[in-house]
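# Tertiary structure, described
Letter by letter, the chains look like this.
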Amino acid sequence: MNFQALPKGMKNKYTKQYLSLLNKRRFSLAAKRAFDVVVSLLILAVLSPFLLLLALAVKIDSKGPAFYRQVRVGRYNQDFKIFKFRTMVQDADKIGPPLTVGDDPRVTRVGKLIRKLRLDEFSQLLNVLDGSMSFVGPRPEVRKYVNAYTPEYMATLLVRPGITATASIAFKDEDSLLDAAEDPEKVYVEQILPPKMAYNLEYLKNISVLKDIKIMFQTVGAVLK
């Protein structure tokens, strides 16, 4: 995409700079998309029996659908619905804040296990297949937090959001950090979001399939720890 075709809210000197870098890596971006499609299909084929059992466990444990479709902000500042195994009670977003901290009473019994082992992320393979997400990329935020982005942060919306990222690994204990805060949302926007965005912007400068594979292995290592 050329700069003039970007949505109005994304046009600034920073996105122009990062877009120029990404345009020089068109082959890497095409290879990244091909990798996403092939690997997500393979993983879904192998894990489909396990994922069906997980969906059944979610349904049995609490009332509501197996999947939770939350609206997030994706590539080019466009809203999309993310697939996640439901880990909270039905309509949890209507009875509490968008952030989940500590022992949130909205989290179900099965949901606690799913969150601990990051199993809810597997359902996002469906987003990878439909092109709204990638295996690796800046984690998609809800609109409320994107509205707090600086002009430079908007550059992270030039690529597909990811299931994991270096920022996700660095802040894997984010829930615990927010649980100790008096105002979790303020702490997230003012103290956690800036370093996360620094990781994401650095990723844009060196985007490649090999880097994605490295981050994916690092993510598995972080979860196993």
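The numbering scheme is per chain: residues are counted from 1 as the chain's sequence reads. Under the rules for a predicted model, residues below a pLDDT of 70 receive no local features and side-chain atom pairs below 80 are neither given nor counted, while totals for whole chains, interfaces and linings still include all residues. Heavy atoms from the whole structure form the basis of all side-chain values; hydrogens and water molecules are not counted.

### Some words on the overall build of the chain
A run of H or I in DSSP becomes a helix once it reaches four residues, and a run of E becomes a strand once it reaches two; helices and strands are each numbered from the N terminus. The helix and strand inventory of the chain stands at nine helices and four strands. Along the first, second and third principal axes, the C-alpha atoms of the chain reach 50 × 45 × 30 Å. In the chain, the share of contacts with a sequence separation of at least 24, taken over all contacts with a separation of at least 6, comes to 70%. Surface accessibility of the chain: about 12100 Å² in total, with carbon and sulfur atoms responsible for 60%. Taken as two groups, the 35 positive and 22 negative side-chain charges of the chain have centres that lie 8 Å from each other. Residues count as neighbours in contact if any of their non-hydrogen atoms are within 4.5 Å of one another. Note on areas: Shrake-Rupley with a 1.4 Å probe; residue coverage comes only from the protein chains shown. For this count, His and the chain ends are skipped, Lys and Arg are scored as positive, and Asp and Glu as negative. Every charge is mapped onto a representative atom, which is NZ of Lys, CZ of Arg, CG of Asp or CD of Glu.

### Thoughts on the nonpolar core
Remark: nonpolar core denotes a set of buried residues (Ala, Val, Leu, Ile, Met, Phe, Trp, Tyr, Cys) joined through side-chain atoms within 4.5 Å. Exposure categories follow from relative accessible area, calculated using a 1.4 Å probe and restricted to protein chains: below 20% of the type maximum is buried, above 50% is exposed, and the middle band is partly exposed. With 53 residues, the main nonpolar core has Leu6, Ile114, Phe135, Tyr149, Leu157, Leu158 and Leu204 as its most contacted residues. A per-element tally of this core places helix 8 (residues 184-205) first, with eight residues. With near-sequence residues (within four places) excluded, Phe135 lies in contact with Phe35, Asp36, Val39, Ser40, Ile43, Leu125, Val128, Gly162, Ile163, Thr164 and Met216.

### A few points about helix 9 (residues 209-224)
For an α-helix, 3.6 residues make a turn, and residues three or four places apart therefore share a direction. Residue count minus one, scaled by 1.5 Å, sets the expected span of a helix. The end-to-end C-alpha distance of helix 9, which contains 16 residues, comes to 23 Å, matching closely the 22 Å that a straight helix rising 1.5 Å per residue would cover. All buried positions along helix 9 are accounted for by Val209, Asp212, Ile215, Met216, Thr219 and Ala222. Buried residues in helix 9, looked at end-on, bunch into an arc of 135°, giving them a common side. Pointing more than 90 degrees away from the buried face of helix 9 are the exposed residues Leu210, Lys214, Phe217 and Leu224. Looking at the buried residues of helix 9, the elements they touch are helix 2 (26-61), strand 3 (134-136), strand 4 (162-164), helix 6 (166-170) and helix 8. Arc definition: directions from the helix axis to the C-beta atoms.

### Some words on the side chain of Ser123
With respect to the helices and strands, Ser123 occurs in the loop between helix 3 (109-116) and helix 4 (125-130). Taking relative accessible area as the criterion, Ser123 reaches 4% and is therefore assigned buried. A 3.5 Å cut-off defines polar contacts: any pair of N or O atoms within that distance qualifies, except that in protein one atom must be a possible hydrogen donor and the other a possible acceptor, and neighbouring residues in sequence count only when both atoms are side-chain atoms. A distance of 3.0 Å separates a polar side-chain atom of Ser123 from the backbone oxygen of Phe83.

### Details of the pairing of strand 1 (residues 67-73)
In this scheme, strands are said to pair when DSSP sees at least two bridges between them. Sheet topology places strand 1 next to strand 2 (residues 79-85); seven bridges connect them, and they run antiparallel. If you follow Phe67 over to strand 2, its bridge partner there is Phe85. Counted along the chain from strand 1 to the antiparallel partner strand 2, the turn is five residues long, and its residue Tyr76 has a positive phi close to 60°.

### Things to note about the packing of aromatic side chains
Ring pairs are drawn from Phe, Tyr and Trp, using the six-membered ring of Trp, whenever the two centres fall within 6.5 Å, and their geometry is named by plane angle: stacked under 30 degrees, edge-to-face over 60, tilted for the rest. Within this structure, the stated rule accounts for five aromatic pairs. Aromatic side chains Phe35 and Phe135 sit 6.1 Å apart centroid to centroid with 65° between the ring planes, which places their arrangement in the edge-to-face category. One end of the pair, Phe35, is in helix 2; the other, Phe135, is in strand 3, and 100 residues separate them in sequence. Here Phe35 matches Phe135 in class, with each residue buried.

### Side note on empty space enclosed by the protein
Two kinds of site are reported from a 1 Å grid over the protein atoms alone, namely cavities, where a 1.4 Å probe fits but cannot get out, and pockets, open sets with protein on both sides within 12 Å along at least five of seven lines, and residues are called lining when an atom falls within 4 Å of a point. Grid points are joined across faces, edges and corners, and a volume is the space filled by probe spheres set on the points. The full count for this structure, using the stated rule, is one cavity of 30 Å³ or more. Of the volumes computed, that of the largest cavity is approximately 60 Å³. Lining the largest cavity, in full, are Val73, Gly74, Pro138, Arg139, Pro140, Glu141, Tyr149, Thr156, Leu157, Val159, Arg160 and Pro161.

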